[in-house]
Amino acid sequence: MGSLTRKKIQTVYPLLLFVLLYFVSVLLKNDLWGNILSPLVAFFSALLILSSMKAVKTHKAYGVLLFCCSFVWGVADFFWLIYENIFFSNPVEVPYINVLYVFPNVFFTGFLSLYIYKNRIYWNLQQFFIDIFTFTAIGMVLVWAFIFSKTGLQFTFDFNYILIIVYVFFDFLIMVEIGLICFSKSFKNINFSLSLILVSFAVFVLADFYYAYLSLMESYKANTIIDFVYIISIVLFSFASVHESLHPSVPKALSKDQLSENLRKPKKTGLLVVLLFFLFYLLDFFSFITLMLAVFIFVLYWVLTTNIRANMLDRLLLKTEKEMNEHLEKMIQERTKELSFTNQHLEEISNRDALTGLYNRRYLINYLDVLTSSEETKPFALLYIDTNRFKPINDSYGHEIGDKVLFSLGMRLLEYCTAKCTAFRIGGDEFAVILRDFNDVTEVSAIAEKILEKLQLPISLPPYSFTLSASIGIALYPRDAKKKDVLLRYADIAMYEVKSSDHKNDYLFFDKVFTEKINKRHELEFLLQNADYDKEFKLYYQPQYSTENQTLVGMEALIRWIHPQRGFIPPSDFIPIAEENGLIIDIGEWVIDNAFAQIKKWNQSFDEKFRMSINISPIQIKNTGFLEWFVKKIEKENMNPEWIDLEITESVAMISTTSIEKIFDLLNDIGVNISIDDFGTGYSSLSYIRKYKIDRLKIAKELIDNIDHDENALLIVQAIIMMAKGMQLKTISEGVEDTSQLAILNGLGCDEIQGYIFGKPVPSDEFEKQHFAVKNL
Ligand code: C2E
Ligand code: CA
């Protein structure tokens, strides 16, 4: 207990002493001491309330009202003392003293009204009025039963009589208000201080009623037990204010659960009152009519209240449900927001290429979908970009370097693509760009050129540096096509056209001619897949002569396809298709089978050592099973390997991988000859010649074609022959058509010649006639 609390409690002791003394004086019927002590108690109580008020912060107005009650009571008592014990006159006859005694009743009413007003949210309006009605009616019944019916008084316009009515009126109000606070509130939060106050008011009202009764009966006597009851009431509410200052009440919020529980609880107090009334009736305080009246009031009250409470509960449940729904809705909204955010994020990820961060193929398709599905879309261009020479980088330097190369290509596209265009990575080394809002085709061309330029810049990945190029196919919407699939196919076709041309680092707009080509390609592919090799394929042989003494040294086997319906189909048309769809493996085996048989036949029957050159496609070489198959073939056929020469293109030899190196080693171990076909056309690096065990360089026809009128070509051929001699490699020139070329090559020291000058590719029987006949074999 704090010292402040102790001090406060100590202030109560003198008051208790005064009350005790007053009680003694009442018992001893000592009027003087009663008259002295009564105002003393009231003033002391007022003082106590005043001092408590300082500590109470929230309920100041209540404190003021309580203070006024005790103080006015004290003043009235003081005047009573003066009049009775100094002026020796009857104070009951002094009107203003009686009026002063009305004031506490007024203040009590004010106190309770203020409380009801401040806590009005706890009342249901309908219930409030029904309760007022019920309490008033019951009050009136009681007043009637106890006062008027007993006294049989008649109303007169006497001042004291009116004053008593005023007392009773306020007592009535107080009673009704106490009833409202105790029984009508939908939420019970009456703390100890308030209970004490309500009890004190109730005590006061009871005393007042009794006083009214005594007054009307003209048998009131001061300083009797009734005055003691008044004093007790005053003391009680002063104690309440002390208690409040020591334990300030904390306003409690009304929880919905508590409220709905309150509403569900049946009101039993009414029943108790009815029982009490019945008891009064039995004790003969009430007449039967009075009891019936009370019962009627209670039944009415009960019916109405039950109804209102059910309504309130309904409304409360509805409100709770609404709130819960709102809460749920809010939660759903939040969840939906979260989900849509995650979805957005996922969508974003699923639309992006992980390596370059560019949009991916999926997004391109969706994007085209959106663009092509609207009638209002302005013309746009789809650029299909395929990187050239990327694959060898990936193969030779590994995927890590390959990824870095792709990344920098992607970044270049991204840098280039501004507001008007969007870049995509749609496959391994394939990219796309969509260009919108262009003015004319020349603008698209300019952009395609710029992209080519950008992609061609060297990519530095120390210690390496790579220079790539690209082929771009362009399809225009809506000029070329209006459907996304067609547009994509057309751009791809145009790109393919660039790729298969001599200028791979270029761009092309789609042209209907390309589709015709493609269709033809598809048709050839179909025919090839269904070809009967032995019936439709035939090997032609082109002679290879020694330059020096112009004797036959060998021949190149060249495939011919004579289709039953389509007739002659040149190898340049179908070999690339066979390479693409893998059929070249089977075709190649067929060629080797037949070429082996032919060379065996010729060399054995003519007792010669001619060499049969067989073209081996890069696809064949790279095929894992090829070498094994070939070795077995040599063994099975008991083929003299020296009779065989494999023509491998320069591009295969360029691939610097251990597997290719092993292939060359193995072929050399077997003892077959190896020639590098079309030498001098594509690649400038010659380091591989030293690395691989090869026998012969076959100088490309393109160089030989120009040898007699282009000094550069002559110089290149000369350099090749000299270098080959230095490395003990043989040389053979391909496509030699006239004597001037032959003379030059002879002069340069080229070992062998293949070309129309000695003979075109012809079937074996024709070959025999042309070349073996000359030799008179
Ligand atoms: P290639 O290996 O460069 O073959 C040489 C081509 O040049 C042959 O065309 C031949 O007829 C032609 N040629 C030779 N001398 C002359 C000449 O003096 N003047 C002219 N204008 N042309 C000459 P062909 O037979 O049409 O073969 C084209 C290509 O088809 C070959 O080029 C070769 O790469 C491929 N090829 C042909 N047969 C086979 C084969 O059995 N297997 C594979 N994988 N490819 C083959
Ligand atoms: Ca060849």
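Small disclaimer: the values here were computed from a predicted structure and weren't measured.

1. Things to note about the overall build of the protein
Thought 1: Looking only at helices and strands, the protein has 29 helices and 17 strands in total.
Thought 2: Taken over the C-alpha trace, the protein has a radius of gyration of 60 Å; the compact-globule value for 777 residues is 28 Å, which it surpasses by more than 25%.
Thought 3: Residues classed as buried in the protein amount to 46% of the 777 residues present.
Thought 4: Residue pairs at least 24 apart in sequence account for 72% of intrachain contacts in the protein once pairs closer than 6 positions are excluded.
Thought 5: If you sum the accessible surface of the protein, you get close to 40,500 Å²; carbon and sulfur atoms cover 61% of it.
Thought 6: The positive charge centre, built from 74 side chains, and the negative charge centre, built from 89, are 10 Å apart in the protein.

2. Overview of the pattern of salt bridges
Thought 1: Scanning the entire structure with this criterion turns up 25 salt bridges.
Thought 2: Between D353 and R425 there is a salt bridge, with the nearest N and O atoms lying 3.1 Å from each other. Of the two residues, D353 sits in the loop between helix 11 (288-350) and helix 12 (361-373) while R425 sits in strand 2 (residues 421-425), which places them 72 residues apart along the sequence. Grouping residues by exposure puts D353 and R425 together as buried.
Thought 3: With a shortest N-O distance of 2.4 Å, R521 and E580 are connected by a salt bridge. With R521 in helix 17 (residues 512-529) and E580 in helix 19 (residues 571-581), this residue pair connects regions lying 59 residues apart in the sequence.
Thought 4: On the basis of relative accessibility, which here comes to 48%, the residue E580 falls in the partly exposed class.

3. Some points on the pairing of strand 13 (residues 673-679)
Thought 1: Burial analysis of strand 13 places 6 of its 7 residues in the buried class, the great majority of the element.
Thought 2: Sheet analysis places strand 13 next to strand 14 (residues 696-699), joined by 3 bridges and oriented parallel. Within strand 14, the residue paired with I676 across the bridge is L697.

4. Section: the packing of aromatic side chains
Thought 1: Tallying each qualifying case throughout the model produces 54 aromatic pairs.
Thought 2: Seen from their ring centres, Y62 and F111 are 4.9 Å apart, and the 55° between their planes marks the pair as tilted. Of this pair, Y62 sits in helix 3 (residues 60-86) while F111 sits in helix 4 (residues 95-118), and the two are 49 residues apart along the sequence.
Thought 3: Classification of Y62 by relative accessible area gives buried; the value is 9%.

5. Side note on the site of ligand 1
Thought 1: Taken together, 20 residues lie around ligand 1, and Q542, R560, E734, E737 and Y756 are the ones closest in.
Thought 2: Contributing elements (two or more residues each) for the shell around ligand 1: strand 9 (552-563), helix 19 and strand 13.
Thought 3: It is strand 9 that contributes the most residues to the shell around ligand 1, 4 residues altogether.

6. Notes on the state of the cysteines
Thought 1: For the structure on display, the rule yields 0 disulfides.
Thought 2: Take C182: it sits in no disulfide, and the sulfur closest to it among the cysteines is that of C69, at 17 Å.
Thought 3: For C182, a relative accessible area of 23% gives the class partly exposed.

7. Comments concerning the environment of M312
Thought 1: Positionally, M312 belongs in helix 11.
Thought 2: Look at M312 and you get buried, because its relative accessible area is 13%.

8. Topic: empty space enclosed by the protein
Rolled over the atoms, a probe sized like a water molecule indicates the empty space that remains.
Thought 1: If you walk through the whole model with that rule in mind, you get 1 cavity of 30 Å³ or more.
Thought 2: Of the pockets and cavities examined, the largest cavity occupies roughly 230 Å³.
Thought 3: Contributing elements (two or more residues each) for the lining of the largest cavity: helix 2 (31-55), helix 3, helix 4, helix 7 (192-216) and helix 8 (225-246).
Thought 4: Taken together, the residues that form the lining of the largest cavity break down as 11 nonpolar, 5 polar and 3 charged.

9. Details of the side chain of R560
Thought 1: Here R560 lies in strand 9.
Thought 2: Buried charge without a partner: R560 forms no salt bridge, and the closest opposite charge is E556, 8.5 Å away.

10. Focus on the nonpolar core
Thought 1: In terms of nonpolar packing, the biggest core is built from 76 residues, with I614 and F630 touching the most fellow members.
Thought 2: It is helix 20 (residues 584-606) that provides the largest number of residues to this core, a total of 10 residues.
Thought 3: Not counting chain neighbours up to four residues away, the residues in contact with F630 comprise I592, F596, I644, L646, L667 and V672.
Thought 4: Core analysis: the next-biggest nonpolar cluster, separate from the first, contains 72 residues, I49, Y62, V143 and F204 among them.

11. Thoughts on the coordination of the calcium ion (ligand 2)
Thought 1: Protein coordination of the calcium ion (ligand 2) is provided by E556 (OE), N615 (OD1), E647 (OE) and D677 (OD), with donor distances spanning 2.1 to 2.5 Å.
Thought 2: Donor residues binding the calcium ion (ligand 2) come from one chain and are separated in sequence as E-x58-N-x31-E-x29-D. Taken together, the positions of N615 in strand 11 (residues 611-616) and E647 in strand 12 (residues 644-649) put the pair 32 residues apart, joining distant regions of the chain.
Thought 3: With a relative accessible area of 28%, N615 lands in the partly exposed category.
Thought 4: Under the relative-accessibility criterion, E647 is labelled buried at 1%.

12. Regarding the sheet that holds strand 7 (residues 507-509)
Thought 1: Strand order in the open sheet made by the 5 strands is 2-3-1-6-7, with mixed pairing throughout. Edge positions in the sheet fall to strand 2 and strand 7, since each of these pairs with one other strand and no more. The average undirected angle you get between the axes of adjacent strands in this sheet is 20°.
Thought 2: Pairing of strand 1 (residues 380-388) with strand 3 (residues 430-436) involves 7 bridges; the strand directions are antiparallel. Residue pairing for strand 3: L383 is matched across the bridge by V433.
Thought 3: Helix 14 (residues 399-416) contacts strand 1, strand 2 and strand 3 of the sheet and is inclined by roughly 5° relative to strand 3.

13. Overview of the packing of helix 2 against helix 8
Thought 1: Two numbers describe how helix 2 lies on helix 8: the axes approach to 8 Å, and their chain directions differ by 15°. Comparing the axis directions of helix 2 and helix 8 gives the class roughly parallel. Considering only the axes of helix 2 and helix 8, their crossing is left-handed. Contact with helix 2, carried on its side by S38, V41, A42, S45, L48, I49, S52 and A55, involves I231, I234, V235, F237, S238, F239, S241, V242 and S245 of helix 8 and no other residues of that element.
Thought 2: Of the residues that constitute the contact of helix 2 with helix 8, the class distribution is 11 nonpolar, 6 polar and no charged.

14. Observations concerning a nonpolar patch on the surface
Thought 1: A cluster of nonpolar side chains, L276, F278, L279, L282, L283 and F285, forms an exposed patch at the surface whose accessible area comes to about 570 Å².
Thought 2: Relative to the assigned elements, F278 resides in helix 10 (residues 269-282).

15. A word on unusual backbone geometry
Thought 1: Along the chain, P462 connects to P463 via a cis peptide bond; the corresponding omega equals 10°.
Thought 2: Positionally, P463 belongs in the loop between strand 4 (459-461) and strand 5 (464-466).
Thought 3: In this structure, P478 follows Y477 across a cis peptide bond, with omega equal to 0°.
Thought 4: Within the fold, P478 resides in the loop between strand 6 (469-477) and helix 16 (484-499).

16. A word on helix 17
Thought 1: A rise of 1.5 Å per residue sets the reference length of helix 17, with its 18 residues, at 26 Å; its end C-alpha atoms lie 26 Å apart and thus fit the reference within 8%.
Thought 2: Turning to helix 17, its buried residues number three or more, namely F514, T515, I518, R521, L524, L527 and L528.
Thought 3: Two or three places before V513, at the start of helix 17, stands the capping residue D511, its side-chain oxygen 3.0 Å from that residue's backbone nitrogen.

Rules of the game
Residues numbered from 1 in each chain as written. Chains lettered and ligands numbered in written order. Predicted model: local features only at pLDDT ≥ 70, side-chain atom pairs only at ≥ 80, totals over all residues. Heavy atoms only, no water. Helix = DSSP H or I, 4+ residues; strand = E, 2+ residues; numbered from the N terminus. Rg over C-alpha atoms; globule rule 2.2 N^0.38 Å. Buried < 20%, exposed > 50% of the residue type's maximum accessible area, 1.4 Å probe, protein only. Contact = heavy atoms within 4.5 Å. Areas by Shrake-Rupley, 256 points an atom, 1.4 Å probe, with all protein chains shown as cover. Lys, Arg positive; Asp, Glu negative; His and termini not counted. Charge placed at Lys NZ, Arg CZ, Asp CG, Glu CD. Salt bridge = Lys/Arg side-chain N within 4 Å of Asp/Glu carboxyl O. Pairing = 2+ DSSP bridges. Phe/Tyr/Trp six-rings, centres within 6.5 Å; stacked < 30°, edge-to-face > 60°. Near = heavy atom within 4 Å. Disulfide = S-S within 2.5 Å. 1 Å grid on protein atoms, 1.4 Å probe; cavity = no way out; pocket = protein on both sides within 12 Å on 5 of 7 lines; lining within 4 Å. Points joined across faces, edges and corners; volume = space filled by probe spheres on them. Nonpolar A, V, L, I, M, F, W, Y, C, P; charged D, E, K, R; others polar. Core = buried A, V, L, I, M, F, W, Y, C linked by side-chain atoms within 4.5 Å. Donors = N, O, S within 2.8 Å, 3.2 Å for Na, K, Ca; no water. Axes fitted to C-alpha atoms, helices over the stretch in contact; angles between N-to-C directions. Parallel < 35°, antiparallel > 145°, perpendicular 65-115°, else oblique. Left-handed = near helix turned anticlockwise from the far one by under 90°. Patch = residues over 30% accessible without salt bridge, like charges linked within 9 Å, V, L, I, M, F, W, Y side chains within 5 Å. Expected span 1.5 Å × (residues − 1). Polar contact = N/O pair within 3.5 Å; in protein donor to acceptor, adjacent residues only side chain to side chain.

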